[in-house]
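Each chain, letter by letter, is given below.
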Amino acid sequence: MNQPDYTAKKISSQIIIDGNINKPVWQAAQWSKRFVDMVTGLPGMYNTQTAILWNDTYLYIAFTAEEPFVEAYQTERDSIVFLENDLEMFIDGGDCYYELEVNAANTIYEVFFIWKDVYTKDSRFDTPEFDVHHPQAYTFGGDYDRTGVSFWKGTHPRGIRWAFTNFDMPGLQTAVQVDGTLNDNSDIDKGWSLEIAIPWSSLQLLANGRSLPPVNGDIWNMFLGRFQKLMVGGKEINPHPAMALNSHGIYDTHLPEKWSKIEFIETV
């Protein structure tokens with residue numbers, strides 16, 4: 001088996017989610033390497049790191065993000081926060097995956113994706129929670145895939161996903177702390193931090209038959225990344241610089257097979 005990209009250690013305590021990553025539990029955690037450019041694998045333009053812990057009840061994820069001018073103007077839940085700056089976390093569930101994005105104002109954007117090839121009548125996904133007739137259910141082909149022969153299905157071999165933007169992860173907790181002044185570029189900020197907690201009991205579909213909580217040595221695929229809006233000469237640089245724990249070799253976050261392998265262990 002290939003070596004994991006990150007090893008998440010089990011703890012016995014509960015973590016109060018307030019955005020403070022200077023708590024002893026996070027200081028004692030293993031922090032990841034500096035995130036790299038998602039396409040090239042070169043060091044990211046700003047330092048970004050993550051740490052993951054877990055206990056029998058929760059999955060815990062923390063980020064630290066260097067940023068000289070911390071900005072976040074979108075405050076409505078499920079607004080498209082990646083149009084500005086954000087930190088992102090995806091969890092792969094085999095036939096489905098979950099996306100969570102959070103900005104420095106602690107605005108949450110979340111989507112539950114189900115591959116269209118497994119969403120069949122009376123399948124485990126054919127439930128009122130995932131109603132394809134809901135006004136906030138869409139089809140999705142992938143990042144920047146709506147050109148030429150990929151117009152309808154994108155470029156991923158599995159084709160289209162159903163995207164349920166009305167999904168809210170039960171029990172999700174997020175909190176942010178800004179080391180500086182939000183939306184005030186008259187001074188230089190150090191950056192911001194994010195804490196996330198998700199109950200294992202809410203991850204049944206994403207577990208894909210695995211134990212909840214995990215057992216020692218279980219591997220989950222997760223995307224841990226960051227998007228950064230840049231203005232140069234009064235113009236916005238597109239696409240936004242993307243940084244991640246692991247390079248994808250392509251500008252597309254929606255590739256579960258490229259995500260980081262997170263190993264859950266019970267002992268050091």
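Attention here is on the structure that accompanies the text. Note that the structure is a prediction, hence the values are computed from the model and not measured.

1. Things to note about a nonpolar patch on the surface
- On the surface, a cluster of nonpolar side chains totalling about 240 Å² of accessible area is made up of Ile80, Phe82 and Leu83.
- Within the secondary structure, phenylalanine 82 is located in the loop between strand E4 (58-66) and strand E5 (86-92).
- Residue classification places phenylalanine 82 among the partly exposed positions, given a relative accessible area of 31%.

2. Structural notes on the pattern of salt bridges
- A complete count under the given rule lists 9 salt bridges for this structure.
- Arginine 226 is paired through a salt bridge with glutamate 67; the nearest N and O atoms lie 3.5 Å apart. In this pair, arginine 226 is assigned in strand E12 (residues 218-227) and glutamate 67 in the loop between E4 and E5, connecting sequence segments 159 residues apart.
- The class for glutamate 67 is buried, based on a relative accessible area of 2%.
- When the shortest N-O distance is used, the salt bridge between aspartate 95 and arginine 124 registers 3.8 Å. Of this pair, aspartate 95 sits in the loop between E5 and strand E6 (96-102) while arginine 124 sits in the loop between strand E7 (108-115) and strand E8 (137-140), and the two are 29 residues apart along the sequence.
- Looking at arginine 124, the relative accessible area reads 41%, which means it is partly exposed.
- Sharing partners across several salt bridges, the network here consists of Asp95, Asp117, Arg124 and Arg158.

Basis of the calculations
Residues numbered from 1 in each chain as written. Predicted model: local features only at pLDDT ≥ 70, side-chain atom pairs only at ≥ 80, totals over all residues. Heavy atoms only, no water. Patch = residues over 30% accessible without salt bridge, like charges linked within 9 Å, V, L, I, M, F, W, Y side chains within 5 Å. Areas by Shrake-Rupley, 256 points an atom, 1.4 Å probe, with all protein chains shown as cover. Salt bridge = Lys/Arg side-chain N within 4 Å of Asp/Glu carboxyl O. Helix = DSSP H or I, 4+ residues; strand = E, 2+ residues; numbered from the N terminus. Buried < 20%, exposed > 50% of the residue type's maximum accessible area, 1.4 Å probe, protein only.

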